[in-house]
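So you can see what is in the structure, the chains are spelled out below.
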Amino acid sequence: MVETHAKKLKEAADAKRPDYSLTLMVNQLIQTVKTWDPSTQPIEANGAVAIVVRNIALHLWNKHQKLDYAIQITNALIEIFKGVIGMGEINRKLNEDKKALDDIEEQRKRQREEERRKHQRESVEIPSWFWKLIFLGIMLLIGALSQNC
């Protein structure tokens, strides 16, 4: 079931389906994985599920720049498989993925904030040519007034 949801999600992302459709599919995949009980499964089955779903998260980010989805899926996997015996290496990779994705998200937030500040400065600042024009106008007005006196 997990593999089927993962495959459909990958196909939908590759077909560039709209985000509202992908959101539903990501949520379905996460819910399906959350029903997985790693304590009753063999280590190999747990590893296979974790790898299949991890690969989808990485695919969504690497190929489609769907950072939010990659983070959601990775966080769900970490929650489900933390502390599961025999999952040490996969948990290490998931935590590395989480750190990298969180770093990317933080970097994007800083870039958006900087762009917002830059836009604010540009919209508030009066260009220097405007001040030169005002100065020139005042000088012309003073000159005209001085000739009339």
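That block above? That's the structure.
My aim in this report is to walk through the structure given alongside it, one point at a time. Nothing here was measured: the structure is a model prediction, and the numbers come from that model. For every chain, the first residue of the written sequence is number 1, and numbering continues from 1 onward in sequence order. Totals for whole chains, interfaces and linings use all residues, but because this is a predicted model, local features are given only for residues with pLDDT of at least 70 and pairs of side-chain atoms are given and counted only at 80 or more. To get the side-chain values, take all heavy atoms of the structure and skip hydrogens and water.

**A few points about helix α4 (residues 67-81)**
Thinking step 1. Secondary structure follows DSSP: runs of H or I at least 4 residues long count as helices, runs of E at least 2 residues long count as strands, and numbering of each begins at the N terminus. Multiplying 1.5 Å by the residue count of a helix minus one yields the expected span of that helix. Given a rise of 1.5 Å per residue, 15 residues ought to cover 21 Å, and the 21 Å separating the end C-alpha atoms of α4 matches this to within 8%.
Thinking step 2. Think of it in three bands: with a 1.4 Å probe and only protein chains considered, a residue is buried below 20% of the maximum accessible area for its type, exposed above 50%, and partly exposed in between. Most of α4 sits out of view: 11 of its 15 residues are buried.
Thinking step 3. When we look at burial in α4, the residues that qualify are Leu67, Tyr69, Ala70, Ile71, Ile73, Thr74, Ala76, Leu77, Ile78, Ile80 and Phe81.
Thinking step 4. A positive backbone phi angle near 75° is found at Gly83, which sits one or two residues after α4.

**Details of the packing of aromatic side chains**
Thinking step 1. Within 6.5 Å between ring centres, the rings of Phe, Tyr and Trp (the latter by its six-membered ring) count as paired, and their orientation is classed by plane angle as stacked under 30 degrees, edge-to-face over 60, tilted in between. As enumerated under the stated definition, the model contains 2 aromatic pairs in all.
Thinking step 2. Between Trp129 and Phe130, the aromatic rings sit 6.2 Å apart at their centres with planes inclined by 80°, giving edge-to-face as the arrangement.
Thinking step 3. Here Trp129 falls in the exposed class, since its relative accessible area comes to 56%.
Thinking step 4. Ring geometry for Phe130 against Trp131: centres 5.8 Å apart, planes inclined by 75°, an arrangement best described as edge-to-face.

**Quick look at the nonpolar core**
Thinking step 1. Counting residues in each nonpolar core, the largest one holds 28 residues, and the members touching the most others are Leu9, Leu29, Val53, Leu60, Ile73 and Phe81.
Thinking step 2. Elements with a contribution of two residues or more to this core: α1 (2-14), α2 (19-34), α3 (43-64), α4 and α5 (88-124).
Thinking step 3. At 7 residues, the largest contribution of residues to this core is made by α4.
Thinking step 4. Two residues qualify as a contact provided that any one of their heavy atoms is within 4.5 Å of a heavy atom in the partner residue. Residue contacts for Leu29: discarding those within four places in its chain leaves Val2, His5, Ala6, Leu9, Val53, Ile56 and Ile73.
Thinking step 5. Buried residues of nine kinds, namely Ala, Val, Leu, Ile, Met, Phe, Trp, Tyr and Cys, make up a nonpolar core once their side-chain atoms join them within 4.5 Å. Within the second largest apolar cluster, 5 residues are counted, among which are Trp61, Leu67, Ala70 and Leu101.

It is worth stressing that arrangement in space is one thing and function is another; only the former is reported here.
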